[in-house]
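Okay, here's what each chain looks like letter by letter:
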Amino acid sequence: MVQYQRLIIHHGRKEESGGSGGCCYSKRAKQKFRCLLFLSFLSCCFVMSPYYLFGFSTLSLLDSFRREIEGLSSNEPFNTPLCSEISNGTICCDRTGLRSDICVMKGDIRTNSASSSVFLVTASTKNNTKPEKIKPYTRKWETSVMDTVQELNLITKDPKKSSDSVCDVYHDVPAVFFSTGGYTGNVYHEFNDGIIPLFITSQHYNKKVVFVIVEYHDWWEMKYGDIVSQLSDYPLVDFSGDARTHCFKEATVGLRIHDELTVNSSLVIGNQTIVDFRNVLDRGYTHRILSLIQEETEAKVTALDYKKKPKLVILSRNGSSRAILNEKLLVELAEETGFNVEVLRPQKTTEMAKIYWSLNRSDVMIGVHGAAMTHFLFLKPKTVFIQIIPLGTDWAAETYYGEPAKKLGLKYIGYKIAPKESSLYEEYGKDDPVIRDPDSLNDKGWEYTKKIYLQGQNVKVDLRRFRETLTRSYDFTIRRRFREEVPRLHVT
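Bear in mind that the values here come from a model prediction, so they are computed numbers and not experimental data.

1. Comments concerning the environment of Lys140
For step 1, the next point in the chain: Mapped onto the secondary structure, Lys140 falls in the loop between strand 4 (132–134) and helix 3 (143–146).
For step 2, the next point in the chain: The sequence separation of Lys140 and Ser100 amounts to 40 residues, and the corresponding C-alpha distance is 5.1 Å.
For step 3, the next point in the chain: Once residues lying within four places of it in the same chain are set aside, the contact partners of Lys140 are Arg95, Gly97, Leu98, Arg99, Ser100, Asp101 and Met146.
For step 4, the next point in the chain: At 2.8 Å, the side chain of Lys140 forms a polar contact with the side chain of Asp101.

2. Regarding the sheet that holds strand 11 (residues 311–315)
For step 1, the next point in the chain: One open sheet holds the five strands; their spatial order is 12-11-13-14-15, and the pairing between them is parallel. Each end of this open sheet is capped by a strand with a single partner; those strands are strand 12 (340–344) and strand 15 (411–416). Taking each pair of neighbouring strands and ignoring which way they run, the sheet shows an average axis angle of 20 degrees.
For step 2, the next point in the chain: In this structure, strand 14 (residues 384–389) lies alongside strand 15, joined through six bridges in parallel fashion. Bridged to Phe385 within strand 15 is Tyr412.
For step 3, the next point in the chain: Across the face of the sheet, helix 10 (residues 394–408) comes into contact with strand 14 and strand 15 while running at roughly 175 degrees to strand 14.

3. Considerations on the state of the cysteines
For step 1, the next point in the chain: If you walk through the whole model with that rule in mind, you get three disulfides.
For step 2, the next point in the chain: Here Cys167 pairs with Cys247 through a disulfide, and the sulfurs are 1.9 Å apart. Taking the sign of the torsion about the S-S bond as the criterion, the disulfide between Cys167 and Cys247, at about -105 degrees, is left-handed. Of this pair, Cys167 sits in the loop between strand 5 (152–157) and strand 6 (169–170) while Cys247 sits in strand 10 (residues 246–253); the two residues are 80 residues apart in sequence, bridging distant segments of the chain.
For step 3, the next point in the chain: The class of Cys167 is partly exposed, set by a relative accessible area of 31%.

What counts, and at which threshold
Residues numbered from 1 in each chain as written. Predicted model: local features only at pLDDT ≥ 70, side-chain atom pairs only at ≥ 80, totals over all residues. Heavy atoms only, no water. Helix = DSSP H or I, 4+ residues; strand = E, 2+ residues; numbered from the N terminus. Contact = heavy atoms within 4.5 Å. Polar contact = N/O pair within 3.5 Å; in protein donor to acceptor, adjacent residues only side chain to side chain. Pairing = 2+ DSSP bridges. Axes fitted to C-alpha atoms, helices over the stretch in contact; angles between N-to-C directions. Disulfide = S-S within 2.5 Å. Buried < 20%, exposed > 50% of the residue type's maximum accessible area, 1.4 Å probe, protein only.

So yeah, pure geometry; function would need other evidence.
Written as structure tokens, this is what we have:
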């Protein structure tokens, strides 16, 4: 389990008295102070009046959302990464990153799948000719999974000795090499370790790039083809399955990754953010969604009903752990609150566009912490995302999903369950460290966390307690809809 250090910044200051004249004021200073006090009183009246008119809980939720969304600005200065600019006939590798290595090649580049090699053919003796090895996967620090990833050899060759690798396919655009091995098969890792880093690494090519996949899988292309088509205009190349020699003038081997399910705009050419990545999803799934809309045209009543009531989606877990034991009662409570409720149970074979379509038109998403929470990326900014956080999973829930959701502009609510809401409470008892001190168990290592808190725990939501969360979410959604509708009314 990866360990992170948190930097907590407290925004505030301690007022200190001191300095000459600090004990008394002049008459003029007193007048200014009274004037300032009166203006402050008037300001407070204007600020507080909406709370009396609309209710404190609603507007406090809106205000907190506005504070969170301020972090979406993409005006940070761009920090040029290493190896961004290299001369012809050069291999440059940036191994400074904690999560991944990146190598850039420029010149006469040729693939050789039989030897797991990418050759740079050059007669130059000025540049560094040292061969490089790289595993193009973004979990560099995890030795156990990296041991399973295919390694590539990056080798310079003299043109006189390279007759065995004559170009079979010549590409006039750059290449990006990456692996779909490792943890591929888990939706969180597919996005965090693969799709988002692919966007970060390739978006500045404006689709004029070829993706060469190491450890290629047919199902991966079928699953993510809609997204990949928005990043490249060219067919994917199966590095191991295609014995032909593919030739390029430039290649990036490996993917750049920033943080959990996010994009750091200061490290991306063009200052793109995670919102720009979500726009790629929108474009990728548009065609399929239009056909899904066509299929739903017969259900006119349902469509009208959804327009009237906010839609809430419960992402239901299919496994034997972290299930909501009283899910039916939760559905009834949500409907009683005023929501149209859909229970979504994604399978490995479920079409991604259908999941996207369901979540993209929802107002609230609820789910228990786990890989399926990655689907918050399918929610529109300003949507409410409620993550139910089981015992012992606080840090992971906030790090992997809570904080990234805020960066996307969602209204994130972390619902930390009470001990009695966990199935572990009856199994271990209230005084057992499993219940009383989850951190002490997590400190023993990943296997304890996995066995007890991830694989051995279900949730029975306290409906009386959860009602407040649903009410706040409904209230927030209605106010958001109203704010979005007012400008349209003025226009018409």
